[in-house]
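Chains, contacts and geometry: an overview
So you can see what is in the structure, the chains are spelled out below.
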Amino acid sequence: MKDINIAILGFGVVGSGVYTLIKDNKKDYEHREELSLSVKRVLIRGFDCEPNIDKAPREVYTLSIDDIASDTDIAIVVECMGGTEPAKTFVLKCLLAGKTVVTSNKELVAKHWPELEHAAKTGGAGFYFEASVGGGIPLLRTITDSLQGNNIRSVMGIINGTTNYILSGMESDGRDYLEMLKEAQGLGFAEAKPEADVEGWDAVYKLSIMGSMAFHARVPLEKIYREGITKISALDFSNARMLGYTIKLLAIGKKRDGNHIEARVHPTMIPLTHPLAAVRSNFNAVYINGNAVGDVMLFGQGAGMLPTASAILGDVLYAAHREEHRYQTFQNEFEPREPAPIEDDWSCAFAVRVTTVDRVGVLAQISSCFAAENISLLSVLQQPTESAAASILFITHVAREKAMQAALKALELCDAVISVDSVIRVENGQ
Ligand code: HSE
């Protein structure tokens, strides 16, 4: 039996969940893994401000990271503080002291991965973060271990539970956006700052991590296109449904010819028949295409106390069995070090809704804005409005992003157009 002493940094929902899971499953881990896990230390901010303080005996708590970093009995540190500071300083200290770190902190990993990995190598420690993307879904190790025989061509996922919860409620019950956001906040999986979820930042952090692992090339945050869900309306949903689509906030990573990688997070119309269309409420799912395996979809809870603790314990047990740790290097000469910027080679179909004056020749005028950019129209639908204006929905064939941006500029200058109300990208398959 191998004894493993653990420290937990942060004792909120996730940290206390990890503590509980270790306590509840201790005997099972001993029996199955021949590992005896004990939580020796828990780092908290203060004794008066920790709602979960009664879950562990007083003597395990400390207010000082040095009590953990300098304790040679502690082998694994679980970071559940969130945010970048002081989490980064504390994690670096532990890694350099030779302690393996397991974290669920997507922002920390996405922003500081090279520095953290360098510290892990220097300290001879492991650095694991399965819980940072897709919560309890076994995703990152599936990509790096089970699917390693493949060249992964695309990853497409619903990796933010809050926005999926909001969009699902708007779609199925016609619920109001703000009402759904409040409900998500009450259920405990929304980020402290709503924009982290609804403006797509959380999904961008996760796509940066997942895409880097899938494509063996670092996908930096600043190369990921980002658009949130705040402009999506009930009319967008009814139009999508009429056409056989739904709308999801998708994180999309694709490897293009010449090894370019596109990475983007935005509201996306997908066919109701696509497996991701059936992923509702706060569930997450990632649809992966590998050159050998074809399509694989992983589905589950992307947040929450025990689902996140499940992924963390997976990493803890994995690391506890290893003398030598594995690192992501991104130094393969056959792969791009950095993906090409998105404007270079990103193509998809678009749904564009505009309000126009209702007079002879308007359609011809608007169509010419698309035609001038070589954008072909798949369908055009004029819908009645209560005013004299017309609401027209254009669905395009696959077009270049740059061409669409130019067409949108021309539309805004067109005297027949009162407003461009909505532009939603459409994905039909991978
Ligand atoms: N706010 C995140 C979500 C939590 O809604 O998915 C998990 O990272």
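Heads up: the structure comes first, above all this text.
Residues numbered from 1 in each chain as written. Predicted model: local features only at pLDDT ≥ 70, side-chain atom pairs only at ≥ 80, totals over all residues. Heavy atoms only, no water.

**Side note on the site of the ligand**
- Surrounding the ligand, one finds K106, N160, G161, T162, F189, E191, D197, D202, K206, G302 and A303.
- At 2.7 Å, a backbone N or O of G161 approaches an oxygen atom of the ligand.
- Between a nitrogen atom of the ligand and a side-chain N or O atom of D197, the distance comes to 2.8 Å.
- Contact with the protein chains removes 91% of the 260 Å² of surface that the ligand exposes when unbound.
- Its residues assigned to classes, the shell around the ligand shows 2 nonpolar, 4 polar and 5 charged. (Near = heavy atom within 4 Å. Polar contact = N/O pair within 3.5 Å; in protein donor to acceptor, adjacent residues only side chain to side chain. Areas by Shrake-Rupley, 256 points an atom, 1.4 Å probe, with all protein chains shown as cover. Nonpolar A, V, L, I, M, F, W, Y, C, P; charged D, E, K, R; others polar.)

**Section: the packing of helix α6 (residues 161-173) against helix α7 (residues 177-187)**
- One way to put it is that α6 packs onto α7 with a least axis distance of 9 Å and a crossing angle of 135°. Looking at the two axes, α6 sits oblique to α7. Here the hand of the crossing between α6 and α7 comes out right-handed. Residue-level contacts link T162, Y165, I166, G169 and M170 of α6 to Y177, M180, L181, E183, A184 and L187 of α7. (Axes fitted to C-alpha atoms, helices over the stretch in contact; angles between N-to-C directions. Helix = DSSP H or I, 4+ residues; strand = E, 2+ residues; numbered from the N terminus. Parallel < 35°, antiparallel > 145°, perpendicular 65-115°, else oblique. Left-handed = near helix turned anticlockwise from the far one by under 90°. Contact = heavy atoms within 4.5 Å.)

**Thoughts on the side chain of Q383**
- The residue Q383 is located in strand β14 (residues 377-383) in this model.
- We classify Q383 as buried; its relative accessible area is 15%.
- A polar contact is formed between the side chain of Q383 and the side chain of N239, at a distance of 2.5 Å.
- Discounting residues that sit within four places of it in the chain, Q383 has contacts with N239, M242 and S391. (Buried < 20%, exposed > 50% of the residue type's maximum accessible area, 1.4 Å probe, protein only.)

**Here we look at the pattern of salt bridges**
- This structure, assessed with the given rule, holds 26 salt bridges.
- Here D315 and R141 are joined by a salt bridge, their closest N and O atoms 2.2 Å apart. Of this pair, D315 sits in helix α11 (residues 305-320) while R141 sits in helix α5 (residues 140-146), and the two are 174 residues apart along the sequence.
- With relative accessibility at 1%, the residue D315 sits in the buried group.
- Judged by its relative accessible area of 21%, R141 is partly exposed.
- Among the ionic contacts, a cluster of salt bridges with common partners joins K254, R256, E262, R264 and E427. (Salt bridge = Lys/Arg side-chain N within 4 Å of Asp/Glu carboxyl O.)

**Re the packing of aromatic side chains**
- Scanning the model with the defined rule gives 10 aromatic pairs in all.
- Relative to Y318, the ring of Y128 has its centre 5.7 Å away and its plane inclined at 75°; by these criteria the two rings are edge-to-face. Note that Y128 is positioned in strand β6 (residues 127-128) and Y318 in helix α11, a separation of 190 residues in sequence.
- Given the relative accessible area of 16%, Y318 is considered buried. (Phe/Tyr/Trp six-rings, centres within 6.5 Å; stacked < 30°, edge-to-face > 60°.)

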